[in-house]
Amino acid sequence: MDNTVTVIDNRTEKQYTFPVTRGTIRAMDLRKIKVDAEDFGLMSYDPAFTNTASCQSKITFIDGDKGILRYRGYDIADLAEHCTFPQVAYLVIHGELPTPEQEAEWLTAIRIHMGIFENIKKFMEGFRYDAHPMGMLVSTMAALSTFYPESKEVRNHDRQMESIHRMVGKVPIIAAYGYRHSKGLDYIAPEPQLGYAENFMHMLWDRSPLQHLKHPVLARALDVLFILHIDHEQNCSTNAMRSVGSSEADPFLSAAAATAGLAGPLHGGANEAVLKMLDEIGSKENIPEFIKGVKEGHQKLMGFGHRVYKNYDPRAKMIKKTADEVFEITGRNKKIDLAMELERIALTDDYFVSRKLYPNVDYYSGIIYEAMGFEPKMFTVLFAIPRAVGWLAQWQELINDPEQKIARPRQVYVGHEYRKLPDSYARGTGSEERLASAR
Ligand code: CMC
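Here is what the cut-offs are and how they apply
Numbers given for residues are sequential positions, taken from 1 along each chain in its written order. Given that the model is predicted, a residue must reach a pLDDT of at least 70 before its local features are reported, and side-chain atom pairs must reach 80 or more before they are shown or counted; all residues, however, enter totals for whole chains, interfaces and linings. Side-chain figures throughout are based on the complete set of non-hydrogen atoms in the structure, without hydrogens or water. Runs of H or I in DSSP of at least four residues are treated as helices and runs of E of at least two as strands, each being numbered from the N terminus. Using C-alpha atoms as the atom set, the radius of gyration is obtained and then compared with a globule rule of 2.2 Å times the number of residues to the power 0.38. Burial classes follow relative accessibility: with a 1.4 Å probe on protein chains only, a residue under 20% of its type's maximum area counts as buried, one over 50% as exposed, and anything between as partly exposed. Any two residues whose heavy atoms approach within 4.5 Å are treated as being in contact. Computed with the Shrake-Rupley method and a 1.4 Å probe, the accessible areas treat only the protein chains shown as cover for residues. One heavy atom suffices: a residue is near a molecule or strand as soon as one of its heavy atoms comes within 4 Å of it. Polar contact is defined as a pair of N or O atoms within 3.5 Å, subject to the rule that within protein one atom must be able to donate a hydrogen and the other to accept it, and that residues adjacent in sequence are counted only when both atoms are side-chain atoms. In this classification, the charged set is Asp, Glu, Lys and Arg, the nonpolar set is Ala, Val, Leu, Ile, Met, Phe, Trp, Tyr, Cys and Pro, and all remaining amino acids, among them Gly, are polar. Each aromatic pair joins two rings of Phe, Tyr and Trp (for Trp, the six-membered one) with centres within 6.5 Å, and gets the label stacked for planes under 30 degrees apart, edge-to-face for over 60, and tilted for any other angle. By definition, two strands form a pair when at least two bridges between them are found by DSSP. Patch construction takes residues with relative accessible area above 30% that form no salt bridge. Like charges are linked within 9 Å, and nonpolar side chains (Val, Leu, Ile, Met, Phe, Trp, Tyr) are linked within 5 Å. Basic side-chain nitrogens of Lys or Arg form a salt bridge, by our definition, when they fall within 4 Å of a carboxyl oxygen of Asp or Glu. Note on method: axes are straight lines fitted to C-alpha atoms, helices fitted across the in-contact stretch only, with angles between N-to-C directions ranging 0 to 180 degrees. Here is the rule for angles: anything less than 35 degrees is roughly parallel, anything more than 145 is roughly antiparallel, 65 through 115 is roughly perpendicular, and the remaining ranges are oblique. Crossings are classed by handedness, with left-handed meaning an anticlockwise turn of the near helix from the far one by less than a right angle and right-handed meaning a clockwise turn. How far a helix is expected to stretch is found by multiplying one less than its residue total by 1.5 Å. Directions are taken from the helix axis to each C-beta atom, and the arc is the one they span.

S.K.: Which parts of the structure should I look at to understand the overall build of the protein chain?
M.R.: Each helix and strand counted, the protein chain has 19 helices and five strands in total. The C-alpha radius of gyration computed for the protein chain amounts to 25 Å, which stays within 12% of the reference 22 Å derived for 439 residues, consistent with globular compactness. Taking the principal axes of the C-alpha coordinates as reference, the protein chain spans close to 70 × 60 × 55 Å. Of all 439 residues assigned to the protein chain, the portion counted as buried reaches 47%. Within the protein chain, contacts between residues separated by at least 24 positions form 69% of all contacts whose residues are at least 6 apart in sequence. Total accessible area on the protein chain stands at roughly 22600 Å², and carbon and sulfur atoms take up 53% of it.

Structure, rendered in structure tokens:
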């Protein structure tokens, strides 16, 4: 087979042949298509990047039609069943699962960074009691940049790894302290020798009325949920991480931008929105009316649909499975029955079937999180903690990729042609009149 594509430009009747590599043509090849020497050349117009690959990546593979998700070639279900979060985090960052020695080194490197400066605690105390935990996380992540100026040496491999260990160690602390702050509780120092999820729960629940939630089964469930959320290739937040990272901003600033991207209800904020939606629906009798509203375009069925999956999101399947283990400890969260009925009705309705809208990762996660004692405001933070690992792996891949440059999309300008300033504005700068109008 000839791995090329031939394009005929009907404006000039010229023919162009471009190589096809892994199902893509180089967008820059299109620029060779010109009507004359003065012409800038053809561009593709792709709002929201629906059909544009911005990088080559070895981290995550998704087949959206078949519902497949793999990290570094391993199926997500196998990883979630047999590995711990730190092991999978190592895999995502380093490309291979760790040997026991590598795992011990990795854990030590992260544990060394499990602590935050007193000034950061003070910084966090400046937030109002009702500040959204994602706002606190975004800001504190950016603030870390000021504490670690050496992280700006983004091209230095040792510095890259130091920032990675540092961020993986500190994100759960910031997340837990954000929660404690909102409850008016004192901060609990990390216990680095505990498991990663276990330590997070310790920092959240210790010396609080929710002590009983420090349960090994719940810690393992959270560990699995963390694994499922580590990476998902070029989504909105990862694209933010890469885009900001491409300017050689340090990884803490880039991760702050990525965290901000995750906060939106169309992305990581959807888990919180699902719970709100279920509360509004209230009971099964109200589902048909709600579905009618969705079909009429009044609202979305939150937790449904995905840019890439046109099949059941494999993460949603596993989250549903994990729910049973959690409910054995916490008791059944009644919202799951409502959610399952809503899913059943939606998946028999032509509106959702014809658009291939299935439950995504956020549909069931909030229900489990709620059963585990988390408030809806915390759900997206629970997404951000593991996703930081994915962002860092993607950032490191970007920085070390010789083909990458500062991200800078093109635009199609559709504004005014040249216009003269109105006379009232064209009196020259510095005149008394201009100064007066500026006052
Ligand atoms: N409820 C109702 N209709 C929907 C939904 C939904 N949740 N999602 C998509 N549609 C409709 C949409 O209106 C459009 O219909 P039409 O063809 O008649 O205009 C069609 O399905 C295609 O949707 P789209 O908006 O072109 O799809 P997209 O790829 O731009 O958006 C999405 C993907 C995830 C933003 C969207 O499905 C959505 O808003 N879902 C609800 C929010 C959500 O659950 N987000 C979490 C995503 S997964 C985890 C993550 O990224 O963090």
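S.K.: Honestly, the site of the ligand in this entry has me stumped. Any pointers?
M.R.: Surveying the vicinity of the ligand reveals 20 residues, the closest of which are His 267, Lys 300, Leu 301, Gly 303 and Arg 307. In this structure, Gly 303 approaches the ligand through a main-chain N or O atom, which is 2.8 Å from an oxygen atom. Considering the ligand on its own, with 940 Å² of exposed area, one finds that the protein chains cover 71% of that surface. Taken together, the residues of the shell around the ligand break down into ten nonpolar, six polar and four charged.

S.K.: Is there a simple way to explain the environment of Phe 127 in this structure?
M.R.: With respect to the helices and strands, the residue Phe 127 is situated in the loop between helix H5 (118-125) and helix H6 (133-147). Residues Phe 127 and Gly 178, 51 residues apart in the sequence, show an inter-C-alpha distance of 8.9 Å. When neighbours within four sequence positions are excluded, Phe 127 is seen to be in contact with Met 136, Ser 139, Thr 140 and His 181.

S.K.: Sorry, what's going on with the packing of aromatic side chains here?
M.R.: Any two aromatic rings considered together are summarised by their centre-to-centre distance and by the angle between their planes. Applying the stated criterion to the full structure yields 20 aromatic pairs. Measuring from centroid to centroid gives 6.3 Å for Phe 200 and Phe 226, while their planes differ by 45 degrees, and the two rings are tilted. One end of the pair, Phe 200, is in helix H8 (residues 196-205); the other, Phe 226, is in helix H9 (residues 216-228), with 26 residues separating them in the sequence. There is no split in this pair, since Phe 200 and Phe 226 are both buried. Both rings, one in Tyr 312 and one in Tyr 358, keep their centres 6.4 Å apart while their planes meet at 50 degrees; by these two values the pair is tilted. Note that Tyr 312 is positioned in the loop between helix H13 (287-295) and helix H14 (314-330) and Tyr 358 in the loop between helix H16 (350-354) and helix H17 (361-371), a separation of 46 residues in sequence.

S.K.: Any chance you could explain the pairing of strand E3 (residues 60-63) here in plain terms?
M.R.: Successive residues of a regular strand alternate their side chains across the two faces of the sheet. Sheet topology places E3 next to strand E4 (residues 68-71); four bridges connect them, and they run antiparallel. Across the sheet, residue Ile 62 finds its bridge partner in E4, namely Leu 69. Where E3 folds back onto E4 in an antiparallel hairpin, the turn is made up of four residues, including Gly 67, whose phi is positive at roughly 70 degrees.

S.K.: Explanation requested: a nonpolar patch on the surface in the structure shown.
M.R.: On the surface, a cluster of nonpolar side chains totalling about 560 Å² of accessible area is made up of Phe 40, Met 43, Tyr 45, Val 412 and Val 414. Considering the arrangement of structural elements, one finds Val 414 in the loop between helix H18 (376-399) and helix H19 (432-438).

S.K.: Please explain the sheet that holds E3 as it appears in this structure.
M.R.: Hydrogen bonds between backbone atoms are what pair the strands of a sheet, whose relative direction is either parallel or antiparallel. Pairing in this open sheet of three strands is antiparallel, and the strands run E3-E4-E5 from one edge to the other. Here the strands that pair on one side only, and so sit at the sheet edges, are E3 and strand E5 (74-75). The sheet contact formed by E4 and E5 spans two bridges and is antiparallel. If you follow Arg 70 over to E5, its bridge partner there is Asp 75.

S.K.: What exactly am I supposed to notice about the packing of helix H7 (residues 157-183) against H8 here?
M.R.: A pair of packed helices can be characterised by two numbers: the angle between their axes and the separation between those axes. The contact between H7 and H8 brings their axes to 8 Å, and the two run at 25 degrees. Relative to H8, H7 is oriented roughly parallel. Regarding H7 and H8, the two cross each other, and that crossing is right-handed. In this structure, H7 contributes Val 168, Pro 172, Ile 173, Ala 175, Ala 176, Tyr 179 and Arg 180 to the contact, and H8 contributes Tyr 196, Phe 200, Met 203, Leu 204 and Trp 205.

S.K.: Help me out: how do you make sense of unusual backbone geometry in this one?
M.R.: Leaving glycine out, the prevailing phi sign among residues is negative, and the prevailing peptide bond configuration is trans. If you check the backbone angles, Glu 13 has positive phi at about 60 degrees while not being a glycine. Structurally, the position occupied by Glu 13 is in the loop between strand E1 (4-9) and strand E2 (14-19). Of note, Arg 207 is a non-glycine position whose phi angle comes to about 50 degrees, a positive value.

S.K.: I keep staring at the pattern of salt bridges and nothing clicks. Help me out?
M.R.: A side chain of one charge can pair with a side chain of the opposite charge if their charged atoms are brought near each other. Applying the stated criterion to the full structure yields 26 salt bridges. In this structure, the salt-bridge partner of Glu 118 is Lys 121, at a minimum N-O distance of 2.9 Å. Within this pair, Glu 118 and its partner Lys 121 are both found in helix H5, separated by three residues, close to a single helical turn. For the salt bridge of Arg 332 with Asp 337, the shortest nitrogen-to-oxygen distance reads 2.6 Å. With relative accessibility at 25%, the residue Asp 337 sits in the partly exposed group. It is possible to trace a salt-bridge network through shared partners that takes in Glu 150, Glu 153, Arg 159, Glu 162 and Arg 166.

S.K.: Would you mind going over the side chain of Glu 397 with me for this structure?
M.R.: Mapped onto the elements of the fold, Glu 397 is located in helix H18. Glu 397 has contacts with Gln 56, Ser 57, Lys 58, Ile 59 and Arg 242, leaving out every residue within four places of it along the chain.

S.K.: Explain helix H4 (residues 100-112) here, please?
M.R.: A rise of 1.5 Å per residue sets the reference length of H4, with its 13 residues, at 18 Å; its end C-alpha atoms lie 18 Å apart and thus fit the reference within 8%. Of the positions making up H4, those classed as buried are Glu 103, Trp 106, Leu 107, Ala 109 and Ile 110. Down the axis of H4, the buried side of the element spans an arc of 160 degrees, and every buried residue falls inside it. Exposed residues on H4 whose side chains face more than 90 degrees from its buried face are Pro 100, Glu 101, Glu 105 and Ile 112.

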